[in-house]
Amino acid sequence: MRRIRTRMGALGVALLAVAPLSLTAPATAAAPAHVTADVTVEEGRLTEAAPQEILRRSGFDAVEREFGRGLGRVTTYGEARRYVADEGRALWRRAVDRAQGRGPDGGDLSRDDDRPLYWARLGLTRQLRQWQPDFGLTASERDALLGSLERGSRGQDSIALPAGKHVLRIVVTGFDPFQLDGDPRRSNPSGAAALALDGTTVRTASGQPARIETAVFPVRWADFADGTVERTLLPHFRPGPRQADLFTTISQGRPGRFDVERTNGAWRGGYPDNARESRTETVPIPAGVPTVRPQPQWTTTTLPYARIVAAGTGPFPVVDHTEVTEIPAGGTEPVDRADGPTPGSTARAGGGGDYLSNEIAYRATLLRDAVRPALPGGHLHTPVLEFGPGNTDPAHGQVTDPDFVRHRVAITDQVRTIVTVAASETAAARGTRG
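A word on the packing of helix H6 (residues 115-130) against helix H7 (residues 139-153). Contact pair H6 / H7: the axes reach a minimum separation of 10 Å and the direction vectors enclose 165°. On the basis of their axis angle, the class for H6 and H7 is roughly antiparallel. In the crossing of H6 with H7, the sense of the turn from one axis to the other is right-handed. Between H6, through Leu117, Arg121, Leu124, Thr125, Leu128, Arg129 and Gln130, and H7, the contact on the second element is made entirely by Arg142, Leu145, Leu146, Leu149, Glu150 and Ser153. Looking at side-chain class alone, the contact of H6 with H7 contains six nonpolar, three polar and four charged residues.

The structure is reproduced here in structure tokens:
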């Protein structure tokens, strides 16, 4: 990997290779999104030993085969639409149930693991991409089915916030594993937290219930440009009886700490995604969604960051992270700023860098500003999830170890506590206004 451009010199290149917050894209051109006409880069990794072991040891190894058999019984496009939507949602429910201790564990892989969902989803998309039904299927129809499968299996179309003034409504999002060419064993603690929290209820400091609904997003530039974030969040940001009272997007960030990202930047830094695609440009806003005009270079968290930082939420320190990289007004070169952007500057990295974690924070908070500016929301970076000593070599290491599991569980537990603190502050502020 080329030299990493970052504000975090003390952490070193090796650590940031695990967590790309603000990286320089490789000099070589990005590989095409498909290995062949009907297998994507991500699906192509399914043949590797680690994904197969993860699927086998979680009981998700039969999901692709069973889905393919079901497709073989479909006789019309209408049936296909219903079947694919149902199976996508069923995969999400199965992963959530496993993470939350319901039903059989399916193997000896710990229940908190987010990776079975990721690899099983790719098995389903591979089957659907290669399916050749007798009734014929146009490219646009296949794309629509793939989109339905993606949304359903990520929880994006099943966010079900309750109505009523007695309950707070919270939306939390996570991410798929990423940087899998370097180590296909990788897990993403933000995705694990999303599975653990979906459909659960926490109690605020005043005793008010707060319902959490979650979704997971892909690590792919193209999906973000196509509006997957806005499409998922907009129905819950708009005013109504089931509108969200609080949201936080979450991703994996820096080793050993949580960061509440104060500022988000409108810049894509070009680091390759899970499809090995690279994008270096201003964050593109999809047509047809509410937004702020002209497009701002920066957006800001409305999470109660001071209270979260001071709360003592768990074993990892929580930082109010204010650094950004900007091109100052009238300047030509990027400059690091410890205390946020200066007036009129152009974004080159938000607090969360210039990768997709910064981008989801920017998109979500920009949508908030366009629809409900007072809605508390922002981005939380978790610590990097690392394998235990002696298990760091992907060529010879195990797909899990006790330290790996303990670390992931600890991160999830602290995410839950942080969200509860934010909910308590939101409830208190709402009570004061009332």
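After presenting the structure, the write-up continues.
Tallied over the entire structure, the rule returns 11 aromatic pairs. Look at phenylalanine 67 and tyrosine 83: their rings are 5.5 Å apart centre to centre, the planes differ by 15°, and that puts the pair in the stacked class. Residue phenylalanine 67 is found in helix H4 (residues 63-72), and its partner tyrosine 83 is found in helix H5 (residues 77-99); the two are separated by 16 residues along the sequence. Residue class for phenylalanine 67 comes out buried when judged on its relative accessible area of 1%.

With that settled, the discussion passes to the layout of surface pockets. Within this model, the largest pocket holds a volume of roughly 650 Å³. Forming the walls of the largest pocket are 26 residues, and the residues nearest its centre are Arg129, Leu146, Glu150, Arg220 and Asp223. Breaking the lining of the largest pocket down by element, the ones donating at least two residues are helix H2 (41-44), H6, H7, helix H9 (221-225) and helix H10 (228-237). Broken down by element, the lining of the largest pocket gets its largest block of residues, five residues, from H7.

Here strand S13 (residues 324-327) shows two buried faces, one formed by Val324 and Glu326 and the other by Thr325 and Ile327. Relative to strand S14 (residues 335-337), S13 runs antiparallel, the two being bridged by three bridges. When the bridges of S14 are listed, glutamate 326 appears paired with valine 335. Here three bridges tie S13 to strand S15 (residues 346-349), and the two strands are oriented antiparallel to one another. The partner of glutamate 326 across the bridge, within S15, is alanine 347.

As a further point, take H6. In this model, H6 (16 residues) spans 23 Å end to end at C-alpha, consistent with the 22 Å of a helix rising 1.5 Å per residue. Most of H6 is tucked away, with 14 of its 16 residues classed as buried.

On the basis of which strands lie adjacent, the open sheet formed by seven strands has the order S4-S5-S3-S6-S16-S7-S12 and mixed pairing. The sheet is open, and its two borders are formed by strand S4 (201-203) and strand S12 (318-321), each paired with just one other strand. With direction set aside, neighbouring strand axes in the sheet form an average angle of 30°. Across four bridges, the pairing between strand S7 (residues 258-261) and S12 is parallel. Its bridge partner being in S12, phenylalanine 258 is matched across the sheet by valine 318.

What counts as what
- Residues numbered from 1 in each chain as written.
- Predicted model: local features only at pLDDT ≥ 70, side-chain atom pairs only at ≥ 80, totals over all residues.
- Heavy atoms only, no water.
- Axes fitted to C-alpha atoms, helices over the stretch in contact; angles between N-to-C directions.
- Helix = DSSP H or I, 4+ residues; strand = E, 2+ residues; numbered from the N terminus.
- Parallel < 35°, antiparallel > 145°, perpendicular 65-115°, else oblique.
- Left-handed = near helix turned anticlockwise from the far one by under 90°.
- Contact = heavy atoms within 4.5 Å.
- Nonpolar A, V, L, I, M, F, W, Y, C, P; charged D, E, K, R; others polar.
- Phe/Tyr/Trp six-rings, centres within 6.5 Å; stacked < 30°, edge-to-face > 60°.
- Buried < 20%, exposed > 50% of the residue type's maximum accessible area, 1.4 Å probe, protein only.
- 1 Å grid on protein atoms, 1.4 Å probe; cavity = no way out; pocket = protein on both sides within 12 Å on 5 of 7 lines; lining within 4 Å.
- Points joined across faces, edges and corners; volume = space filled by probe spheres on them.
- Pairing = 2+ DSSP bridges.
- Expected span 1.5 Å × (residues − 1).

Don't take any of this as a statement about function, it's just geometry.
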